[in-house]
Amino acid sequence: MNSLGLFFVCPINQHKVPALKAITISIAQLLHTHMQMAKTLFSYFAIPLCLCLSSLHLVTSFPFASGQIDYNYNYNYYDRSCPRLGMIVKYGVWAAFKNDTRIAASLLRLHFHDCFVNGCDASILLDDTIDFRGEKNAFPNRNSARGYEVIESIKADVENACSSTVSCADILTLAARESVLLSGGPYYPLSFGRRDGLTASEKAANEQLPSPIEPLENITAKFTSKGLDMKDVAVLSGAHTIGFAQCFTFKRRLFDFKGSGKPDPTLESSALTNLQGMCPNKDASNSNLAPLDYASTYRFDNAYYVNLVNGTGLLESDQALMGDPRTAALVTVYSSNSYLFSADFASSMTKLSNLGILTGSNGQIRKKCGSVN
């Protein structure tokens with residue numbers, strides 16, 4: 001078998017040696033051309049391929065809520081039971097994005113807020129009941145988290161295609177990846193087979209989700225409690241390369257930083273002036289929106305880190321990454337190396353998507369994402 005992956009079986013006829021030589025020369029030329037193309041393709045795709053391979057974990061064990069390993073949880077879980085799942089989710093996210101370019105960042109944030117509170121179990125999608133107050137109305141999510149109706153619409157389409165088969169947790173996880181890709185971000189591998197939680201907790205969301213005004217050490221502690229680390233803090237904060245924040249989340253940086261009566265001294269002066277114009281010092285401006293990454297608001301890239309190096313990060317928790325030498329070193333590297341950021345973001349998102357998941361007979365497959373069956 002040759003390098004082209006083809007078998008050649010040629011019975012020799014002594015009277016046709018010239019023809020055989022011609023065939024041999026043609027094959028040699030073809031092989032030479034093939035090798036030259038391979039070299040060119042390798043040089044062109046080497047970095048993107050490495051990004052994919054660096055985060056590819058097709059056979060691994062994950063920290064399931066049950067503490068056990070479920071080997072049925074894998075990347076091709078729905079290949080037979082719901083083969084059109086990927087296309088349904090892709091179209092659903094695209095259709096939503098076409099009408100609302102903010103939705104990509106919103107779905108990514110919804111996924112993060114789900115996984116960070118007791119695992120990726122779609123608990124953030126549950127409406128309040130007489131039995132519990134859920135995560136939707138927790139302070140970090142109230143009048144802030146968006147995209148619930150998009151996931152519910154995609155779920156309805158998935159149910160029509162393959163009833164009672166795909167969990168809301170898997171749909172939200174896949175929708176987050178599609179949002180990253182649609183915005184120009186990296187592909188990252190996902191395993192499937194998550195099941196949906198049966199309850200949700202407003203208290204847990206209030207306690208576990210990081211706040212934009214928390215010290216970096218507190219945020220890092222919350223990450224490490226989930227099995228993540230300081231590098232993941234710096235990397236996943238890079239999701240703020242897309243999306244917006246309401247003025248109340250950073251207004252104290254503009255007028256009265258930590259009770260000083262003055263703006264945050266780490267905020268660059270021209271950025272300060274622009275933000276004060278967007279967010280005047282009055283309550284009526286609290287819900288006004290400002291881009292998390294003014295340089296490329298809807299494009300997933302490394303400009304977020306360039307902003308931090310230049311002192312123009314929007315959130316206090318973002319700019320705080322420059323205040324610790326360990327995270328500052330990562331910020332500096334990512335600001336000048338978009339390929340490395342993409343590779344590390346892919347790896348951290350794969351880790352995030354596997355936090356505290358339910359598999360096997362745990363949880364359920366909800367018919368509608370906003371309520372248990």
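Residues numbered from 1 in each chain as written. Predicted model: local features only at pLDDT ≥ 70, side-chain atom pairs only at ≥ 80, totals over all residues. Heavy atoms only, no water.

Participant: So what about the UniProt feature "binding site: substrate" (unreviewed entry) in the protein chain? Which residues, and what values?
Facilitator: UniProt tags P210 as "binding site: substrate" (unreviewed entry). With respect to the helices and strands, P210 occurs in the loop between α6 (202-208) and α7 (216-224). When residues no more than four places from it in sequence are discounted, the contact partners of P210 are F112, F116, I219, K222 and F223. (UniProt positions renumbered as here; feature names shortened; annotations may be inferred. Helix = DSSP H or I, 4+ residues; strand = E, 2+ residues; numbered from the N terminus. Contact = heavy atoms within 4.5 Å.)

Participant: Could you give me a rundown of the environment of D170, with the residues and numbers involved?
Facilitator: You can see D170 is positioned in helix α5 (residues 168-182). Judged by its relative accessible area of 1%, D170 falls in the buried class. Residues D170 and L190, spaced 20 residues apart in sequence, show a C-alpha to C-alpha distance of 9.4 Å. Leave out the neighbours within four places in its chain, and D170 touches Y78, F192, G193 and R194. Within the structure, the side chain of D170 is placed 2.6 Å from the side chain of R194, a separation counted as a polar contact. (Buried < 20%, exposed > 50% of the residue type's maximum accessible area, 1.4 Å probe, protein only. Polar contact = N/O pair within 3.5 Å; in protein donor to acceptor, adjacent residues only side chain to side chain.)

Participant: Let's hear about the packing of aromatic side chains: which residues, and what values?
Facilitator: The final tally for this structure, using the stated rule, is 15 aromatic pairs. Aromatic pair Y305 and Y334: ring centres 5.2 Å apart, planes at 55°, arrangement tilted. In this pair, Y305 is assigned in helix α11 (residues 303-309) and Y334 in helix α13 (residues 325-336), connecting sequence segments 29 residues apart. Assigned by exposure class, Y305 and Y334 land together as buried. Plain terms: the ring middles of F341 and F345 are 5.7 Å apart, the flat faces sit at 55° to each other, and that makes the pair tilted. Taken together, the positions of F341 and F345, both in helix α14 (residues 338-352) and 4 residues apart, correspond to about one turn of that helix. (Phe/Tyr/Trp six-rings, centres within 6.5 Å; stacked < 30°, edge-to-face > 60°.)

Participant: Quick one: what's the story with the layout of surface pockets, residue by residue and with numbers?
Facilitator: Taken as a whole, the largest pocket holds about 1100 Å³ of empty space. As for the largest pocket, its lining consists of 44 residues, and the residues nearest its centre are R109, H113, P212, H240 and L315. If you list the elements that add at least two residues to the lining of the largest pocket, you get α3 (103-116), α7, α8 (230-236), β1 (244-246), α12 (316-319) and α14. Here the lining of the largest pocket gets 6 residues from one element, more than from any other, and that element is α3. Looking at the lining of the largest pocket residue by residue, the classes come out as 25 nonpolar, 12 polar and 7 charged. (1 Å grid on protein atoms, 1.4 Å probe; cavity = no way out; pocket = protein on both sides within 12 Å on 5 of 7 lines; lining within 4 Å. Points joined across faces, edges and corners; volume = space filled by probe spheres on them. Nonpolar A, V, L, I, M, F, W, Y, C, P; charged D, E, K, R; others polar.)

Participant: How would you summarise the pattern of salt bridges if you had to cite specific residues and measurements?
Facilitator: Applying the stated criterion across every chain, the model contains 16 salt bridges. Residues D344 and K231 are paired through a salt bridge, measuring 3.5 Å at the closest nitrogen-oxygen approach. With a gap of 113 residues between them, D344 in helix α14 and K231 in helix α8 connect regions that are remote in the sequence. Judged by its relative accessible area of 37%, K231 falls in the partly exposed class. Overlapping salt bridges bring together K155, E159 and K367 as one network. (Salt bridge = Lys/Arg side-chain N within 4 Å of Asp/Glu carboxyl O.)

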